[in-house]
Amino acid sequence: MSSKMIDGTAIADRVRKEVTAEVAALTTPPGLATVLVGDDPASAIYVRNKRKRCIEAGMHDLHRHLPADITQDAAADVIDELAVDPAVTGILLQLPLPPHLDAAALIDRIPPHKDVDGLTEASAGRLALGRPGLRPCTPAGVLILLDESGTELAGANAVVVGRSDLVGKPMAHLLLQRDATVTVCHSRTRDLQDICGRADVLVVAAGVPELIEADAVKTGATVIDVGIHRTPQGLCGDVHSAVRGVAGALTPVPGGVGPMTIAMLLRNTVTAAAMRATAPATKGR
Ligand code: NAD
């Protein structure tokens, strides 16, 4: 069979257009503070793209570039400053940070109503408890791709490969909230291919090129490939290209999950603008 390709580029374009219209209707445009520490080339590209899309959507770009050797205390001061700045609607601390910095401690200084990456302890707790809050961008984007593909989630066997705080764990919670029966696999999982083979919905975020082979996919399953890898032959995902002949619907790499991540960051920033109205006034935190 030939899989239906889920066009993440087109869906992300539509989300960004919707966000742009919502921003235009606000009296004060939201401000997004991206924080880049050091000069990691990949991080610099990611941040540049986020800032470009933020400006295109009519938001204020409140970028901060910090030196690679900044101390933990000085970086914390910057986050605290942004936390209380009324012009800042959302704060995104680009990861990974240089190894001398404690990323979790810095992330947790971001007030929950400005946490547009959805990575603070407070946002993760709200997600786990099913309470309203800002959700991590990549898994939130995956959920939209699943809905757009017409995949029924209630009662479906959903398998998530990967248990990172950024993708796998929040993805599992989001699917659980949509009444899927969720299995989470990770690097110590036995019989990975068998478990994947029972999935109606398979979300792969392992960071291992072409980990999931065609014979590990149930015929007609919806497969979302979060992985992205640069190889001498070009870009590839965590899912082998032969899965195209087995899955009912599949995201391409590139052009699947990737474009959705930035679109959801913009969507979260507009949501954060609405949350600001009800956020506690105490020093913005
Ligand atoms: P991570 O390295 O933090 O986590 C990987 C997870 O996969 C871990 O929980 C690990 O236990 C599991 N894993 C590793 N090897 C495995 C194996 N052989 N079998 C089963 N599980 C295995 O990575 P991450 O941040 O969650 O990202 C995963 C992938 O998604 C990476 O390729 C990353 O580049 C990509 N990614 C893409 C986007 C996007 O916007 N397209 C966003 C975030 C991450």
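Shown above is the structure to which this text applies.
Overview of the structure. (Residues numbered from 1 in each chain as written. Predicted model: local features only at pLDDT ≥ 70, side-chain atom pairs only at ≥ 80, totals over all residues. Heavy atoms only, no water.)

What follows concerns the sheet that holds strand S6 (residues 157-161). The six strands are arranged S1-S12-S9-S8-S6-S7 in an open sheet whose pairing can be described as parallel. Both outer strands of the open sheet, strand S1 (4-5) and strand S7 (181-185), are each paired with one neighbouring strand and no more. Pairing analysis gives four bridges linking strand S8 (residues 201-204) to strand S9 (residues 222-225), with the strands arranged parallel. When the bridges of S9 are listed, Val-201 appears paired with Thr-222. In the packing of helix H7 (residues 168-177) onto the sheet, the strands contacted are S6, S7 and S8, and the crossing angle to S6 comes to about 170°. (Pairing = 2+ DSSP bridges. Helix = DSSP H or I, 4+ residues; strand = E, 2+ residues; numbered from the N terminus. Contact = heavy atoms within 4.5 Å. Axes fitted to C-alpha atoms, helices over the stretch in contact; angles between N-to-C directions.)

Attention now goes to unusual backbone geometry. The linkage connecting Leu-95 with the following residue, Pro-96, adopts the cis geometry, with an omega of 0°. Relative to the elements of secondary structure, Pro-96 occurs in the loop between strand S5 (90-93) and helix H4 (103-107). Between Val-253 and the following residue, Pro-254, the backbone shows a cis peptide bond with an omega angle of 0°. In this fold, Pro-254 is placed in the loop between strand S12 (249-250) and helix H9 (257-276).

By themselves, these are just geometric observations and shouldn't be taken as functional.
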